[in-house]
Amino acid sequence: MRQLIFIAGMHRSGSSLIARAVEAAGATLGNNLMSAAQDNPKGFAEDLEVFDFNERLLDALDARWDVPTLLLDWNPTHDEWAGWRQEAVQLLHAKSQSAKVIALKDPRFSLLAPIWISAAAEIGFRVKFVLCFRHPVDVAQSLESRDGFGVTKSLSLWLSHNYSVIKILAFRDDPCILMQYENLLDEPDTQLQRLIRFIGVVPGNSAAEQIAQFSGQVLDRGLCHSRSDRKELMRSGEAVSHVPALYSLFEELAATGWDGEKTRQFLRQTQPQQIEAFLYSVQRHCFPDDIERALVARTADLERQKADLKNSRELALHQYRKDIAGKESDLKRMRYLQEQTDLHLNSALHRIEDVENSLSYRIGRGVTWPIRIPYDLLILPFRKYPENLRLLG
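Keep in mind that this is a model prediction, so the values were computed, not measured.

Remarks on the pairing of strand β2 (residues 101-105)
For step 1, the next point in the chain: Within β2, 5 of the 5 residues are buried, leaving the element largely enclosed by the surrounding structure.
For step 2, the next point in the chain: The side-chain alternation of β2 yields two buried faces, one formed by Val-101, Ala-103 and Lys-105 and the other by Ile-102 and Leu-104.
For step 3, the next point in the chain: Pairing between strand β1 (residues 3-9) and β2: 5 bridges, direction parallel. By the bridge assignment, Phe-6 is partnered in β2 with Leu-104.

Following this line, the structure appears as structure tokens:
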């Protein structure tokens, strides 16, 4: 049966180095890996397509890796997530065409493990988990250096990622091994031997050759910039409850091996709802910069809307004034035409009055009077009202 190894754990916990150790122990990471960066010069060992899928899925869940939360109510077996499951199945098919043991590394598996476990079950993989962890204070210092996160936020992220993944694994039979970053730095031979036994596949070269190659070419202790002790954890852990206890559990499981019953006992002593409530308060109080940026962006958006509204009002007012000016011009022209018409009419009336008052007009009326009487009585009615001609028929 083909093996599928998920490498999970909190960001900045040495998971890239541990992934390379898993590769040296006989697994295949693939050839489409994320490039190295300034904060990870040896490379992230993360498959780009898996990374993109996990980012999009977190967005669909309205979640982010850098916002501490527990996805308590998420059930990826529901029909609404069928498309996502199918895409995960297709990804796993594509990644496992030519390998008996494939390993995929992404800290986001800590939050999204259920859908990947479901997809692996559809294909028939034997699933195993490598859970990477590091001293929480060192993780916090690394996140502060890279992302500017505060201690409370970073420890809350450490808690949410690691609590989420063990809450899933504690109630499953999938083999699991806890790998502590500091232990791999201090004793690479012993830790690589643990991984070889866990994976159960003979590497291409002998175990001794693989260990020597890993220690000589991959391992770089200079990339570890801090090593905190338990006192610092207790002092910093006061701000985030459950972190010291969970770290102690991880150290014990790394030393003695995975123990599902012991993990379930730890979970019974905690209340996920209380942790979720605490993480929600962290979201509210540990993201002032995000809130400020959101407020600035919203203010800028409202200012743009205000400016657009002002411009549209000014344009509408300008057009209104232009229309009014046009109407006033038309009205002025019509008044001028009316005045000219009145002038012509008055002139005509004066001329008629002059004619009627003239001597020739009065003499003419007297001369034509005998004719006008019969004309007005007999002819004029028919000229004004031609329909009266029918009366003659």
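What follows picks up the thread again.
Things to note about the sheet that holds strand β4 (residues 176-180)
For step 1, the next point in the chain: If you trace the 4 strands from one edge of the open sheet to the other, you get β2-β1-β3-β4, paired in parallel fashion. Each edge of the sheet is formed by a strand with only one pairing partner; in this case those strands are β2 and β4. Each adjacent strand pair in this sheet contributes to an overall mean axis angle of 20°, direction not counted.
For step 2, the next point in the chain: In this structure, β1 lies alongside strand β3 (residues 126-133), joined through 7 bridges in parallel fashion. Within β3, the position partnered with Gly-9 by the bridge is Cys-132.
For step 3, the next point in the chain: This element, helix α6 (residues 151-169), spans β1, β3 and β4 of the sheet and lies at about 150° to β3.

Section: the environment of Ser-156
For step 1, the next point in the chain: If you trace the backbone, Ser-156 turns up in helix α6.
For step 2, the next point in the chain: A relative accessible area of 0% places Ser-156 in the buried class.
For step 3, the next point in the chain: Along the chain, Ser-156 and His-242 lie 86 residues apart, while their C-alpha atoms are 9.7 Å from each other.
For step 4, the next point in the chain: For Ser-156, the contacting residues outside a window of four places in its chain are Pro-68, Val-240, Phe-278, Leu-279 and Val-282.

Points about a nonpolar patch on the surface
For step 1, the next point in the chain: On the surface, a cluster of nonpolar side chains totalling about 400 Å² of accessible area is made up of Ile-373, Leu-377, Leu-378 and Ile-379.
For step 2, the next point in the chain: Secondary-structure assignment places Ile-373 in helix α16 (residues 369-384).

Details of the packing of helix α3 (residues 82-95) against helix α4 (residues 109-123)
For step 1, the next point in the chain: Running from N to C, α3 and α4 point in directions that differ by 60°, and their axes come no closer than 9 Å. Regarding the angle of α3 to α4, the classification is oblique. Along this stretch, α3 crosses α4, giving a crossing that reads as right-handed. Within the contact between the two elements, α3 uses Trp-84, Arg-85, Ala-88, Val-89, Leu-91, Leu-92 and His-93 and α4 uses Ile-115, Trp-116, Ser-118, Ala-119, Ala-120, Glu-122 and Ile-123.
For step 2, the next point in the chain: Grouping the constituent residues of the contact of α3 with α4 by class yields 10 nonpolar, 2 polar and 2 charged.

Here's the deal with the nonpolar core
For step 1, the next point in the chain: Counting 64 residues, the largest nonpolar core has Leu-57, Leu-92, Trp-116, Ile-166 and Leu-246 as its most contacted members.
For step 2, the next point in the chain: For this core, the leading source of residues is α4, giving 10 residues.
For step 3, the next point in the chain: If sequence neighbours within four positions are ignored, Leu-246 has contacts with Trp-158, Leu-159, Asn-162, Tyr-163, Ile-166 and Phe-266.
For step 4, the next point in the chain: Grouped together as the second largest cluster of nonpolar side chains are 27 residues, Ile-18, Ile-177, Tyr-181 and Leu-192 included.

A few points about the pattern of salt bridges
For step 1, the next point in the chain: One pass over the structure, following the stated rule, counts 17 salt bridges.
For step 2, the next point in the chain: The partner of Glu-49 in a salt bridge is Lys-95, with the nearest N and O atoms 2.3 Å apart. Linking Glu-49 in helix α2 (residues 48-60) with Lys-95 in helix α3, this pair joins segments that are 46 residues apart in sequence.
For step 3, the next point in the chain: We classify Glu-49 as partly exposed; its relative accessible area is 40%.
For step 4, the next point in the chain: Looking at Lys-95, the relative accessible area reads 18%, which means it is buried.
For step 5, the next point in the chain: The salt bridge partner of Arg-108 is Glu-55, with a shortest N-O separation of 2.9 Å. Placement of the pair is Arg-108 in the loop between β2 and α4 and Glu-55 in helix α2, with a sequence separation of 53 residues.
For step 6, the next point in the chain: When its relative accessible area of 6% is taken as the criterion, Arg-108 is described as buried.
For step 7, the next point in the chain: Glu-55 sits in the partly exposed class, given a relative accessible area of 32%.
For step 8, the next point in the chain: Taken together, the shared-partner salt bridges in this structure form one network comprising Glu-46, Glu-55, Lys-105, Asp-106 and Arg-108.

What about the packing of aromatic side chains?
For step 1, the next point in the chain: Overall, the coordinates contain 12 aromatic pairs when judged by the stated rule.
For step 2, the next point in the chain: Taking 5.0 Å as the distance between ring centres and 65° as the angle between the ring planes, the aromatic pair formed by Phe-6 and Phe-109 counts as edge-to-face. Pair noted here: Phe-6 is in strand β1 and Phe-109 is in helix α4, with a separation of 103 residues, a long-range link.
For step 3, the next point in the chain: On the accessibility criterion, Phe-109 (1% relative accessible area) is buried.
For step 4, the next point in the chain: With 6.0 Å between their ring centres and 45° between their planes, Trp-65 and Phe-149 make a pair best called tilted. Separated by 84 residues along the polypeptide, Trp-65 in the loop between α2 and α3 and Phe-149 in the loop between α5 (136-147) and α6 bring together distant segments of the chain.
For step 5, the next point in the chain: Linked through ring pairs, Phe-6, Phe-53, Trp-84, Phe-109, Trp-116 and Phe-129 together constitute an aromatic cluster.
For step 6, the next point in the chain: Stacked on the ring of Phe-198, the Lys or Arg Lys-128 has its end atom at 5.1 Å from the ring centre.
For step 7, the next point in the chain: Positioned above the aromatic ring of Phe-149, the side-chain terminus of Lys-153 is 3.7 Å from the ring centre.

Scoring rules and cut-offs
Residues numbered from 1 in each chain as written. Predicted model: local features only at pLDDT ≥ 70, side-chain atom pairs only at ≥ 80, totals over all residues. Heavy atoms only, no water. Buried < 20%, exposed > 50% of the residue type's maximum accessible area, 1.4 Å probe, protein only. Helix = DSSP H or I, 4+ residues; strand = E, 2+ residues; numbered from the N terminus. Pairing = 2+ DSSP bridges. Axes fitted to C-alpha atoms, helices over the stretch in contact; angles between N-to-C directions. Contact = heavy atoms within 4.5 Å. Patch = residues over 30% accessible without salt bridge, like charges linked within 9 Å, V, L, I, M, F, W, Y side chains within 5 Å. Areas by Shrake-Rupley, 256 points an atom, 1.4 Å probe, with all protein chains shown as cover. Salt bridge = Lys/Arg side-chain N within 4 Å of Asp/Glu carboxyl O. Parallel < 35°, antiparallel > 145°, perpendicular 65-115°, else oblique. Left-handed = near helix turned anticlockwise from the far one by under 90°. Nonpolar A, V, L, I, M, F, W, Y, C, P; charged D, E, K, R; others polar. Core = buried A, V, L, I, M, F, W, Y, C linked by side-chain atoms within 4.5 Å. Phe/Tyr/Trp six-rings, centres within 6.5 Å; stacked < 30°, edge-to-face > 60°. Lys NZ or Arg CZ within 6 Å of the ring centre and 35° of its normal.

Honestly, it's all geometry; don't read function into it.
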